[in-house]
Amino acid sequence: LSLIIFLLLLLVPVGYIAMNDSVLKNELSFLDFNAETSLVRIILLLSEKLISIILLFFISLVLHEAIHGLFFKVFGAKKVTFGFKRGMAYAEASGSYFRAWQFKVIALSPFVGLSLLYFILAQYIPISAFLLFALHTSGCVGDFYFIYLLIKFKEIDWIEDTETGINLYKKN
């Protein structure tokens, strides 16, 4: 799993960017400075780019949790709540039970869906899309950990979502 994540994070976007040199040059065109360009202008241009990436990242956090919420509902949760605690955004379906395969889908769907979105965005803004992909993927570490647990402990059949995390139940 670590090798797959490494390949996705580094090799795929780098190869994609290299194949689309003209798109890359277009995204970096704001850096086309000359001797007349002031340091203040350079800082402002870089700040605008950084602010847009941060804004897009926060939008992707909302989308990430909305995708979790959607799949909670698809798999039968009666009530889904959203919030922010301990420095993390979350979607929660307290008291809902899911089969292991359903929970895998719930956990991985935001990574898959937003990765596809970033791949599409990479055709127009490759550097920004790669940064968003990397930031989002690093934020998926909790979801990846749940997948790891379900793969490691194959006897887990049911998962209960709670206000404080999840409870895992073995097959009878």
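Residues numbered from 1 in each chain as written. Predicted model: local features only at pLDDT ≥ 70, side-chain atom pairs only at ≥ 80, totals over all residues. Heavy atoms only, no water.

## Focus: the packing of aromatic side chains
And then number 1: Applying the stated rule across the entire model yields 10 aromatic pairs.
And then number 2: Aromatic rings pair up to connect Phe72, Phe98, Phe103 and Phe146 into one cluster.
And then number 3: Here the guanidinium or amino end of Lys85 rests over the ring plane of Tyr90, the centre of that ring lying 5.1 Å away. (Phe/Tyr/Trp six-rings, centres within 6.5 Å; stacked < 30°, edge-to-face > 60°. Lys NZ or Arg CZ within 6 Å of the ring centre and 35° of its normal.)

## What about the packing of helix H4 (residues 100-121) against helix H6 (residues 141-152)?
And then number 1: Viewed as axis vectors pointing N to C, H4 and H6 meet at an angle of 150 degrees, and their least axial separation amounts to 9 Å. Compared by their axis directions, H4 and H6 come out roughly antiparallel. For the element pair H4 and H6, the recorded crossing hand is left-handed. Contacts from Ala100, Phe103, Lys104, Ala107, Leu108 and Phe111 in H4 reach Asp143, Phe144, Phe146, Ile147 and Leu150 in H6.
And then number 2: Of the residues that constitute the contact of H4 with H6, the class distribution is nine nonpolar, no polar and two charged. (Axes fitted to C-alpha atoms, helices over the stretch in contact; angles between N-to-C directions. Helix = DSSP H or I, 4+ residues; strand = E, 2+ residues; numbered from the N terminus. Parallel < 35°, antiparallel > 145°, perpendicular 65-115°, else oblique. Left-handed = near helix turned anticlockwise from the far one by under 90°. Contact = heavy atoms within 4.5 Å. Nonpolar A, V, L, I, M, F, W, Y, C, P; charged D, E, K, R; others polar.)

## Some thoughts on H4
And then number 1: Spanning 22 residues, H4 covers 32 Å between terminal C-alpha atoms, matching the ideal 32 Å at 1.5 Å per step.
And then number 2: Within H4, the full set of buried residues consists of Ala100, Gln102, Phe103, Ile106, Ala107, Ser109, Pro110, Phe111, Leu114, Ser115 and Tyr118. (Expected span 1.5 Å × (residues − 1). Buried < 20%, exposed > 50% of the residue type's maximum accessible area, 1.4 Å probe, protein only.)

## Re the pairing of strand S1 (residues 81-85)
And then number 1: Bridging between S1 and strand S2 (residues 88-92) involves five bridges; their strand directions are antiparallel. Within the sheet, the bridge partner assigned to Phe84 lies in S2 and is Ala89.
And then number 2: Between the end of S1 and the start of S2, which pair antiparallel, lie two residues, with Arg86 showing a positive phi angle near 50 degrees. (Pairing = 2+ DSSP bridges.)

## Observations concerning the pattern of salt bridges
And then number 1: Inspection of the entire model under this criterion finds one salt bridge.
And then number 2: One salt bridge connects Arg99 with Asp157, and the closest N-O pair in it is separated by 3.2 Å. Residue Arg99 is found in strand S3 (residues 97-99), and its partner Asp157 is found in strand S4 (residues 156-162); the two are separated by 58 residues along the sequence.
And then number 3: Here Arg99 falls in the partly exposed class, since its relative accessible area comes to 30%.
And then number 4: Residue Asp157 is classed as buried on the basis of its relative accessible area of 14%. (Salt bridge = Lys/Arg side-chain N within 4 Å of Asp/Glu carboxyl O.)

## Quick notes on the environment of Leu149
And then number 1: Looking at the secondary structure, you find Leu149 in helix H6.
And then number 2: For Leu149, a relative accessible area of 13% gives the class buried.
And then number 3: Distance from Leu149 to Leu168, taken between C-alpha atoms, is 9.4 Å for residues 19 residues apart in sequence.

## Focus on the nonpolar core
And then number 1: Core analysis: the largest hydrophobic core is formed by 13 residues, its most contacted members being Phe72, Ala77, Ala93, Phe98, Phe103, Leu150 and Ile159.
And then number 2: No other element matches the three residues that H4 contributes to this core.
And then number 3: With near-sequence residues (within four places) excluded, Phe72 lies in contact with Ala77, Val80, Ala91, Glu92, Ala93, Phe98, Phe103, Ile106 and Asp161.
And then number 4: With 10 residues, the next largest nonpolar core counts Ile67, Tyr118, Phe133 and Phe144 among its residues. (Core = buried A, V, L, I, M, F, W, Y, C linked by side-chain atoms within 4.5 Å.)

## Details of the sheet that holds strand S5 (residues 165-170)
And then number 1: Taken together, the three strands give an open sheet; going across it, the order is S3-S4-S5, and neighbouring strands pair in antiparallel fashion. Across the chains shown, the open sheet's two edge strands, defined by having one partner strand only, are S3 and S5. Ignoring strand direction, the axes of neighbouring strands in this sheet form an average angle of 30 degrees.
And then number 2: For S3 and S4, the ladder comprises three bridges, and the chain directions are antiparallel. Following the sheet pairing, Arg99 is matched in S4 by Trp158.
And then number 3: On top of the sheet, H4 reaches S3, S4 and S5; it is set at about 100 degrees to S3, its chief contact.

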